[in-house]
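Residue-level structural notes
Residue strings, one per chain:
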Amino acid sequence: MKEFRKQEIAVLAYRIFLVFVFYQVIRLLFWWYNRNLIKVDGIEDYLNIAYHGTQFDTTAILYLNALFIFFSVLPLTINTHKKYQKFLFFLYFIPNTIGLLMNFGDFIYFKFSQARLTTTAMTVAQHENNLFKVFWASLIQNPSVALAFVFCLGLWILLYKKNKIQDFTPQKKLIYFSSSLFTLIIVTILAIGGIRGDFKHSTRPVNLVDANRYIKNPVQANLVLNSVFSFFRTMNTNNFQEVHFVDEKFIDENIKPYKIYNQRTPEQKPNIVIFILESFGKEYSGAFNKDTKIKNFVSYTPFVDSLAQHSLILSNAFANGRQSIHGMSSVLAGIPSLTDAFTSSPFSNQKIQSIVSVANDMGYDTSFFHGAPNGSMGFLGFGNILGFKHYYGKTEYNNDTDFDGIWGIWDEPFFQYFARTINQTQQPFMTTLFSVSSHHPFKVPEKYKGKFRKGPLEIHEPIGYTDYALKKFFETAKKMPWYHNTIFVMVADHTNQIAYPEYEKAMNRFAIPILFYSPNPQYKLQGDIQETTQQMDIYPTLVDLMGYHEKIRSWGQSVVSPLQSTPIIVNSDSVMENFIIRNYIYRFDGKEVVGLYNKSDLNMENNILSTTKNPEITKGILLCKAWYQDYMHRVINRKLQ
């Protein structure tokens, strides 16, 4: 029956299919115009890129066509009439023509920016008064782009009109409206999934960094993406703007963005194993709370506590970000998350010096392990940017009987898989594992119910489970030939649920454990560093221990080097940036320091900015501005090498 609107739904599907077709045409043309900048290894490589680009096309297409789709399925009884179809024609082609212009404009823009069109272009444009001249000159220099645009749009309109809807007025209104409502619900659900990138609970909405999951080098990510997606995904999220507060000499002398550690030459290159532990906040571990004087403190990490007695621990360390992907960038590349996260910014697709790139330069085999579905949390994409040679996720594990049903493979079996896999790896190796089990909804495997201490927080039991998984890993690793000459690092990505008032304090919401351990005594990894440290210190510390004597770009510093400068601890609550420098905490809004607190005032309750003046504070304010200036300059101008 026509009341089921089969004809309208079929034509709607055809019209949306046309959008997908032309987005692939645009992708091919984009590559053709920029083929000297984006290398593709043959047809198979291109088809792989084009196939995965469909995910990003879907999001962009739904952004532009949401109203068209909505009005196409809306039951108004006049949907098939000529005037209504003309209305739909304009509702379809106005936004899609804008999208077409954005993509075609990128054919030329990419040659200058070597990055996809983002909202950053708007920031640049507002300071220019010759945009029309630039636009006109670009058209003159590239007439084929304009001709290709006109041809594509004309062909698109022609194909759109090929499939018309016959006029029909529904007679059986109940069937018409009920079937229309059902169609509207289904379309809405599909649209939500399309805009997010998928329906999986374990993945965040697809972002620019995710394009790196599918490519061989970061430059190809620009071919996976499209201009509409990159523009919309960076709307209202880009606070990346260059600023100028101090001269370069001040930055070089005080921020010291480049460092050299050349005082160590180990007899044999150490293997590096980094555990980034999901939500493993400092407050859960007794070894890191010996001096906090919390009444009736309870630890949920007996193994970590025992290992800490033979390790170098950083008991006053802070996370540089708020989310898992921020932890990855901070730990491995020394790039913190400010108000806007670097990893979801328009600048994430660039070459980055990191512990991964250093290890690659030194001949290490590098790998990343995460038991969640491949690509979860954006790790696969960012891992490709950093240069990991191997990625091992739920797909490679290939045994869903150990899947927790939501996030990934349970930690204990995945940690054992981790040990077995690196045992087959050529030494030296540098590998990172990101755990999954200490995550909401905070479950443990059925066979371990009742085994681990349950505290007042839901997270306490799975923290105990992950601690147990670490214990079992070390029991396995000790039997393997690579174990003795390995440096192990344990660090949380960020904090989570809070039980003690001490950790409700604003700065302590970033308080995390950091631990370095090696069974090899030559590395002398024992003791407790109580000075303020951060995730960003891990990368330079490992570079130092590995015996890498070349210059590195780092805002952190080696905690085992005698060459210490004033530490600048950085993080953000997504509203403002926080800096801990010597005796004070500074709150910075991107332009000015607007809050000053004693270092002991971790809850930032007493702003003493207007009442306290001394040379240390004056210097501290300059250091905040200088650090921020250098960060913005390097990120925006792609100088993170």
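Attention in this report is confined to the structure presented alongside it. (Residues numbered from 1 in each chain as written. Predicted model: local features only at pLDDT ≥ 70, side-chain atom pairs only at ≥ 80, totals over all residues. Heavy atoms only, no water.)

1. Points about the overall build of the protein chain
- When you go through the protein chain residue by residue, the secondary structure sums to 19 helices and 15 strands.
- Here the protein chain holds 641 residues, and 59% of them are scored as buried.
- Taking as baseline every contact in the protein chain between residues at least 6 positions apart, the subset at least 24 positions apart corresponds to 75%.
- Of the roughly 27,700 Å² that the protein chain leaves accessible, carbon and sulfur atoms contribute 57%. (Helix = DSSP H or I, 4+ residues; strand = E, 2+ residues; numbered from the N terminus. Buried < 20%, exposed > 50% of the residue type's maximum accessible area, 1.4 Å probe, protein only. Contact = heavy atoms within 4.5 Å. Areas by Shrake-Rupley, 256 points an atom, 1.4 Å probe, with all protein chains shown as cover.)

2. Points about the packing of helix H16 (residues 411–423) against helix H17 (residues 460–477)
- Look at H16 against H17: their axes get within 8 Å of each other, and the N-to-C directions meet at 25°. Relative to H17, the element H16 lies roughly parallel. Crossing hand, H16 versus H17: right-handed. Between H16 and H17, the residues in contact are Asp411, Glu412, Pro413, Phe415, Gln416, Phe418 and Ala419 and Tyr465, Thr466, Tyr468, Ala469, Leu470, Lys472, Phe473 and Thr476, respectively.
- Of the residues contributing to the contact of H16 with H17, the split by class is nine nonpolar, three polar and three charged. (Axes fitted to C-alpha atoms, helices over the stretch in contact; angles between N-to-C directions. Parallel < 35°, antiparallel > 145°, perpendicular 65-115°, else oblique. Left-handed = near helix turned anticlockwise from the far one by under 90°. Nonpolar A, V, L, I, M, F, W, Y, C, P; charged D, E, K, R; others polar.)

3. Some thoughts on the packing of helix H1 (residues 6–33) against helix H2 (residues 42–73)
- Their axes nearest at 9 Å, the elements H1 and H2 cross at an angle of 140°. By the angle class used here, H1 and H2 are oblique. By crossing handedness, the relation of H1 to H2 is classed as right-handed.
- Tallied by class, residues from the contact of H1 with H2 come to 15 nonpolar, six polar and four charged.

4. Comments concerning the packing of aromatic side chains
- Per the counting criterion, the structure on display carries 65 aromatic pairs.
- With centroids separated by 5.5 Å and ring planes inclined at 75°, the aromatic side chains of Phe89 and Tyr160 adopt a geometry described as edge-to-face. Of this pair, Phe89 sits in helix H3 (residues 82–113) while Tyr160 sits in helix H6 (residues 143–162); the two residues are 71 residues apart in sequence, bridging distant segments of the chain. With respect to class, Phe89 is no different from Tyr160; both count as buried.
- The aromatic ring of Tyr258 is capped on one face by Lys551, whose charged end is 4.6 Å from the ring centroid.
- Directly above the aromatic system of Trp555 lies the positively charged group of Arg553, at a separation of 5.3 Å from the ring centroid. (Phe/Tyr/Trp six-rings, centres within 6.5 Å; stacked < 30°, edge-to-face > 60°. Lys NZ or Arg CZ within 6 Å of the ring centre and 35° of its normal.)

5. Quick word on a positive patch on the surface
- On the surface, Lys82, Lys86, Lys161 and Lys164 cluster together into a patch of positive charge.
- Mapped onto the fold, Lys161 is located in helix H6.
- Among the residues examined, Lys161 registers a relative accessible area of 46% and is labelled partly exposed. (Patch = residues over 30% accessible without salt bridge, like charges linked within 9 Å, V, L, I, M, F, W, Y side chains within 5 Å. Salt bridge = Lys/Arg side-chain N within 4 Å of Asp/Glu carboxyl O. Lys, Arg positive; Asp, Glu negative; His and termini not counted. Charge placed at Lys NZ, Arg CZ, Asp CG, Glu CD.)

6. Some remarks on the nonpolar core
- Of all hydrophobic cores here, the largest spans 126 residues; its most connected members are Phe275, Leu542 and Trp627.
- When residues of this core are assigned to their parent elements, the largest contribution, ten residues, is made by helix H19 (residues 615–636).
- Contacts of Trp627, omitting those with residues within four sequence positions, involve Ile255, Pro336, Leu338, Met536, Trp555, Ile568, Val570 and Phe579.
- Counting 55 residues, the second largest nonpolar core, distinct from the first, contains Tyr23, Leu88, Leu91 and Phe149. (Core = buried A, V, L, I, M, F, W, Y, C linked by side-chain atoms within 4.5 Å.)

7. Notes on the pairing of strand S3 (residues 312–318)
- Across the seven residues that make up S3, a large majority, six, are buried.
- Alignment of S3 against strand S8 (residues 511–517), held across five bridges, turns out to be antiparallel. Paired with Ala317 across the strands is Ile512, a residue of S8.
- Pairing between S3 and strand S9 (residues 527–529): three bridges, direction parallel. Within the sheet, the bridge partner assigned to Leu314 lies in S9 and is Ile529.
- Pairing geometry for S3 and strand S10 (residues 533–534), over two bridges, is parallel. Paired with Ala317 across the bridge in S10 is Thr533. (Pairing = 2+ DSSP bridges.)

8. Examining the sheet that holds strand S15 (residues 593–598)
- Read across the open sheet, the four strands follow the order S12-S13-S14-S15; overall the sheet is antiparallel. Since the sheet does not close on itself, it has two edges, and those belong to strand S12 (568–572) and S15, each with one partner. On average, each strand axis in the sheet is tilted by 20° relative to the strand beside it, whichever way the strands run.
- Here five bridges tie strand S13 (residues 577–581) to strand S14 (residues 584–588), and the two strands are oriented antiparallel to one another.

9. Description of the pattern of salt bridges
- The full count for this structure, using the stated rule, is nine salt bridges.
- Ionic pairing is found between Lys394 and Asp400, a salt bridge with its closest N-O pair at 3.1 Å.
- Lys625 is paired through a salt bridge with Glu592; the nearest N and O atoms lie 3.0 Å apart. Within this pair, whereas Lys625 is found in helix H19, its partner Glu592 is found in the loop between S14 and S15, the two being separated by 33 residues in sequence.
- Overall, Lys625 belongs to the buried group, its relative accessible area being 13%.

10. A look at a negative patch on the surface
- Taken together, the side chains of Asp247, Glu248, Asp252 and Glu253 define an acidic patch exposed on the protein surface.
- Within the fold, Glu248 resides in helix H10 (residues 248–255).
- Classification of Glu248 by relative accessible area gives partly exposed; the value is 41%.

11. Observations concerning a nonpolar patch on the surface
- On the surface, Phe17, Val21 and Val25 cluster together into a nonpolar patch covering about 230 Å² of accessible area.
- Of the residues examined, Phe17 reaches a relative accessible area of 51% and is grouped as exposed.

12. A word on the environment of Val206
- For Val206, the location among the structural elements is in the loop between helix H7 (173–196) and helix H8 (221–224).
- When the C-alpha atoms of Val206 and Phe229 are compared, they prove to be 9.9 Å apart, with 23 residues separating the residues in sequence.

13. Quick look at helix H18 (residues 538–546)
- Where burial is concerned, most of H18 is hidden: nine out of the nine residues are buried.
- Within H18, the full set of buried residues consists of Ile538, Tyr539, Pro540, Thr541, Leu542, Val543, Asp544, Leu545 and Met546.
- Looking at the residues trailing H18, positive phi occurs at Gly547, about 80°.

14. What to know about the pairing of S8
- Among the seven residues of S8, seven are classified as buried, and the element is accordingly described as predominantly covered.
- The side-chain alternation of S8 yields two buried faces, one formed by Ala511, Pro513, Leu515 and Tyr517 and the other by Ile512, Ile514 and Phe516.
- Strand direction decides the pairing type here: strand S7 (residues 486–492) and S8, joined by four bridges, are antiparallel. Directly across from Phe488, in S8, lies its bridge partner Tyr517.

15. Topic: unusual backbone geometry
- In this structure, Pro428 follows Gln427 across a cis peptide bond, with omega equal to -5°.
- Across the junction of His440 and Pro441, the peptide omega takes the value 15°, indicating a cis bond.
- Tracing the chain through its elements places Pro441 in the loop between strand S6 (429–434) and H17.
- Although it is not a glycine, Lys293 sits at a positive phi angle of roughly 60°.
- Structurally, Lys293 can be placed in the loop between strand S2 (271–277) and helix H11 (302–308).
- Residue Lys293 is classed as exposed on the basis of its relative accessible area, which comes to 79%.
- Unlike most non-glycine residues, Met377 shows phi in positive territory, near 65°.
- Within the secondary structure, Met377 sits in the loop between strand S4 (365–370) and helix H14 (379–386).
- What makes Met377 buried here is its relative accessible area of 16%.

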